Amino acid sequence: MKKIQVAIDGPASAGKSTVAKIVAKKLHFIYCDTGAMYRSVTFAALKNHVKLDDDQALKELLKTIQIRFVPAEPEQRVFVNDEEVTQAIRTPEITNNVSLVSAQPSVRAELTKRQQEIAEAGGIVMDGRDIGTTVLPNAEVKIFLVASVHERAVRRFKENQIKGIDTPLDVLEKEIEERDYKDSHREISPLIQAKDAVLVDTTSLTIDQVVDKILEIIDQKTN
Ligand code: DC
């Protein structure tokens, strides 16, 4: 398999990270979760009492933090400097604040640069919101993954139950709608489908079906 770049974008809870991880494993590619990077910056900002919309302060904060992914099973571990944040970046507090941090120009510029460095050698599946449009505009394969708001809320509800979080379904639907709006309407690198991305609607598909579809698209584009 050629060491290509695969960009997977789409709104929150469309299944990007779940399928991106499996696709990367099947192809023996690296998997990079860019949402985890924005979440890690949000975590560090909250911890260091940096205002979440203070672009200059966030720029300074970023100079002091290294974000690392360490391969592990069942999921890769995330570190901010020497502190493991794998679980800590998935709390509702981070989820509800990350849109503000990810809208700041300096944060986007710095994380885009780091993501481009990670992807430089190819052999990578990267998921996020702006991978096909901004981070890797020349990626050989671009997928835009979507699902209905209701389906995404149901998925998040089930994930939350496992973690012991019991936010009602209608609240989750509202949060997802709000995050969609913020992600798609921010000034820099808003969530939009790249012209050359293939749209995959996962609403009524199983994880295996989505993975197979993406592998098929990769096969078509590379052969
Ligand atoms: O995929 P996720 O839910 O973990 O992403 C967390 C947030 O980070 C999401 O609200 C939007 C932002 N994000 C972004 O702006 N650009 C990316 N490439 C990835 C995530």
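None of the values given here were measured: they were computed from a predicted structure.

**Student:** Sorry if this is basic, but what is going on with the sheet that holds strand β7 (residues 141-146) here?
**Tutor:** Across a sheet, strands are paired by hydrogen bonds formed along the backbone, either parallel or antiparallel in direction. Judged by pairing direction, the sheet is parallel, and its five strands sit side by side in the order β2-β6-β1-β7-β8 without closing on themselves. Looking at which strands have only one partner, the edges of the open sheet turn out to be β2 (30-33) and β8 (198-201). Sheet twist, expressed as the average angle between the axes of neighbouring strands with direction ignored, equals 20°. Alignment of strand β1 (residues 5-9) against β7, held across four bridges, turns out to be parallel. Looking at the pairing, D9 lines up with F144 of β7. Sheet contacts for helix α9 (residues 207-222): β1, β7 and β8; angle to β7, the most-contacted strand, approximately 155°.

**Student:** Got a minute to help me understand a negative patch on the surface in this structure?
**Tutor:** On the surface, D208, D212, E216 and D219 cluster together into a negatively charged patch. For D208, the location among the structural elements is in helix α9.

**Student:** How do you make sense of the site of the ligand when you look at a structure like this?
**Tutor:** Lining the immediate environment of the ligand, one finds 16 residues, of which R39, R108, D130, R179 and R186 sit closest. Interatomic distance of 3.0 Å between a side-chain N/O atom of T34 and a nitrogen atom of the ligand. In the environment of the ligand, an oxygen atom lies 2.9 Å from a nitrogen or oxygen atom belonging to the side chain of R129. Considering the ligand on its own, with 440 Å² of exposed area, one finds that the protein chains cover 96% of that surface. Those elements giving two or more residues to the shell around the ligand turn out to be α2 (34-47), α4 (92-102) and α8 (169-185). Residue contributions to the shell around the ligand peak at four residues, all from α2. Of the residues contributing to the shell around the ligand, the split by class is three nonpolar, five polar and eight charged.

**Student:** Explain the packing of aromatic side chains to me, please; I cannot follow it from the model alone.
**Tutor:** Working definition: an aromatic ring pair is given by the centre-to-centre distance plus the angle between the planes. If you walk through the whole model with that rule in mind, you get zero aromatic pairs. We note R68 situated over the ring of F79; from NZ or CZ to the ring centre the distance is 5.0 Å.

**Student:** Teacher, can you tell me more about the sheet that holds strand β5 (residues 83-84) here?
**Tutor:** Read from one edge of the open sheet, three strands run β3-β4-β5, paired in antiparallel fashion. A single partner strand is all that each edge strand has here, and the edge strands are β3 (67-70) and β5. As paired strands, β3 and strand β4 (residues 77-80) are joined by four bridges and run antiparallel to one another. Pairing of V70 across the sheet is with R77, part of β4. Sheet contacts for α2: β3, β4 and β5; angle to β3, the most-contacted strand, approximately 130°.

**Student:** Would you explain unusual backbone geometry in this entry?
**Tutor:** Trans peptide bonds make up most of the peptide bonds, and negative phi angles are found at most residues other than glycine. Residue P74 is bonded to the preceding E73 through a cis peptide linkage, with omega at 5°. Take P74: it is sitting in the loop between β3 and β4. Even without being glycine, S13 reaches a positive phi, approximately 65°. For S13, the position within the fold is in the loop between β1 and α1 (16-27).

What counts and how
- Residues numbered from 1 in each chain as written.
- Predicted model: local features only at pLDDT ≥ 70, side-chain atom pairs only at ≥ 80, totals over all residues.
- Heavy atoms only, no water.
- Pairing = 2+ DSSP bridges.
- Helix = DSSP H or I, 4+ residues; strand = E, 2+ residues; numbered from the N terminus.
- Axes fitted to C-alpha atoms, helices over the stretch in contact; angles between N-to-C directions.
- Contact = heavy atoms within 4.5 Å.
- Patch = residues over 30% accessible without salt bridge, like charges linked within 9 Å, V, L, I, M, F, W, Y side chains within 5 Å.
- Areas by Shrake-Rupley, 256 points an atom, 1.4 Å probe, with all protein chains shown as cover.
- Salt bridge = Lys/Arg side-chain N within 4 Å of Asp/Glu carboxyl O.
- Lys, Arg positive; Asp, Glu negative; His and termini not counted.
- Charge placed at Lys NZ, Arg CZ, Asp CG, Glu CD.
- Near = heavy atom within 4 Å.
- Polar contact = N/O pair within 3.5 Å; in protein donor to acceptor, adjacent residues only side chain to side chain.
- Nonpolar A, V, L, I, M, F, W, Y, C, P; charged D, E, K, R; others polar.
- Phe/Tyr/Trp six-rings, centres within 6.5 Å; stacked < 30°, edge-to-face > 60°.
- Lys NZ or Arg CZ within 6 Å of the ring centre and 35° of its normal.

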